[in-house]
Amino acid sequence: MRILVCGGAGYIGSHACTVLAERGHDLLIADSFVNSSPRVLERLQRITGCPVFFQKADLRDRDEVEALFRGPRFDAVVHFAALKAVGESCERPLDYFDNNISGTIHLLQAMQGAGVKRLVFSSSATVYGDPDSVPVREDATLRITNPYGRTKLVMEQLIGDVCESDPSFRAANLRYFNPVGAHPSGLIGEDPGGTPNNLMPYISQVAIGRRQRLQVFGGDWPTVDGTGVRDYIHVMDLARAHADAIDYLAAADRNLTVNLGTGRGISVLELAHAFAVASGRDIPCDIVGRRAGDVAEVYADPALAHALLGWRAELDVAAMCRDAWRWQSMNPGGYGEAAVFATGKPPGSERTAAVAVG
Ligand SMILES: NC(=O)c1ccc[n+]([C@@H]2O[C@H](COP(=O)([O-])OP(=O)(O)OC[C@H]3O[C@@H](n4cnc5c(N)ncnc54)[C@H](O)[C@@H]3O)[C@@H](O)[C@H]2O)c1
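Remember, it's a predicted structure, so these values are computed and weren't measured experimentally. (Residues numbered from 1 in each chain as written. Predicted model: local features only at pLDDT ≥ 70, side-chain atom pairs only at ≥ 80, totals over all residues. Heavy atoms only, no water.)

Examining unusual backbone geometry
Note the following rule: Runs of H or I in DSSP of at least four residues are treated as helices and runs of E of at least two as strands, each being numbered from the N terminus. With a 1.4 Å probe rolled over the protein chains alone, any residue whose accessible area is under 20% of its type maximum counts as buried; one over 50% counts as exposed, and the rest are partly exposed.
The peptide bond linking Val134 to Pro135 adopts the cis configuration, its omega dihedral lying at -5°. Among the secondary structure elements, Pro135 is positioned in the loop between strand E5 (118-124) and helix H6 (147-165). Even without being glycine, Phe33 reaches a positive phi, approximately 60°. Inspection of the secondary structure assignment puts Phe33 in the loop between strand E2 (26-31) and helix H2 (39-48). The buried category is assigned to Phe33, whose relative accessible area is 17%.

Listed below in structure tokens is the structure:
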């Protein structure tokens, strides 16, 4: 299939591109680079062995979005493009509504104009807020606790309304739990600018010596060791689910909303310990007070994704830490710094075939 991947230069999108390309799909990546680096494209090309087709576009700009659809018709769109920092969304809610919600409206309008009727959407476990019970099923009450979460819920609802209005339009809402890890090549991974918002990149940066110690928010939660419990999922498992969802939408005549998690909760201290084992480095931790808005324990019931997509997470926490550490140690400064390639050649020493279209 010919697939448009919006936000495909980002963390999860780039990993999904490796799987989609491996399954033989032709991809056009569209991204504004608001939270990613053009260097991802060269790396993707090295991994896939194919030219990477890219068009710079900001989904907030209706004309740029329409321009994406001027070439041969896409069979499907995968939509990763969003701002995703919870704290920032509380400080700048309107920017989040503009980027995430307006961007999605422009994308849906352009899809409608071009007659493209298959959409895979990056939703989030954040739509459950503080769930009443765990594991969380898809029919749990949806509760919004911050503006970022509101954008994800509104985007799901907008997409749902489009599906209602046009029975031939099909969408898959994939509710991710906590994506971590990196591609096994070490060439692509999570590269947060500034202080990481998520736990795994923070731990990696402590391991590599970029940060001194890990601050653990709350040691008195009612959990296995008093620290918060989440459902960490390897980004390559997550990536595979996008290709499965594309296949599902091509074959089935129904829409889809599924959790993507392992179904296993892991505490902060368990993850830090697993990372210390994988990296051979100490992860010094300080337990500090709880953070406002945090919850004790959230993990998925992933049974529906297995039933409908035949998908289940396969990679364990040791693999998540091993791959995150490989990425971190090969790229200590993220995409801003040269990777140590197995060939010994610096990046860019070979001609890149990354093609900018349009
Ligand atoms: N990483 C997580 O923990 C997590 C969890 C649940 C859901 N999600 C969702 O998954 C998706 C991907 O997340 P990620 O972790 O890869 O984030 P990311 O920031 O690494 O990737 C998002 C990509 O979208 C691009 N983008 C953002 N706004 C854009 C716009 N207006 N126009 C064009 N490109 C734009 C960014 O430049 C970036 O390359 C997001 O929608 C996010 O909300 C992420």
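Back to the write-up after that little detour.
Examining the environment of His25
Worth spelling out the cut-off: Two residues qualify as a contact provided that any one of their heavy atoms is within 4.5 Å of a heavy atom in the partner residue.
In this fold, His25 is placed in the loop between helix H1 (11-22) and E2. Note on His25: relative accessible area 12%, which makes it buried. Along the backbone, His25 and Ile3 are 22 residues apart, and their C-alpha atoms lie at a distance of 6.9 Å. If sequence neighbours within four positions are ignored, His25 has contacts with Met1, Ile3, Leu20, Ile246 and Asp247.

Regarding empty space enclosed by the protein
The probe, sized like a water molecule, is rolled over the atoms to show the empty space still left. Our working definition: The rule is simple: put a 1 Å grid over the protein atoms alone, call a set of points where a 1.4 Å probe fits but cannot get out a cavity, call an open set with protein on both sides within 12 Å along at least five of seven lines a pocket, and count a residue as lining if it has an atom within 4 Å of a point. Grid points are joined across faces, edges and corners, and a volume is the space filled by probe spheres set on the points. Gly falls in the polar group here, along with every residue not listed as nonpolar (Ala, Val, Leu, Ile, Met, Phe, Trp, Tyr, Cys, Pro) or charged (Asp, Glu, Lys, Arg).
If you walk through the whole model with that rule in mind, you get one cavity of 30 Å³ or more. Of the voids in this model, the largest cavity is the one considered here, and its volume is about 130 Å³. Along the wall of the largest cavity there are 17 residues; nearest its centre are Glu190, Pro192, Pro201, Trp327 and Gln328. Where the lining of the largest cavity is concerned, the elements lending two or more residues are helix H7 (199-208) and helix H11 (317-330). Per-element accounting of the lining of the largest cavity gives the leading share, four residues, to H7. Its residues placed into classes, the lining of the largest cavity shows eight nonpolar, six polar and three charged.

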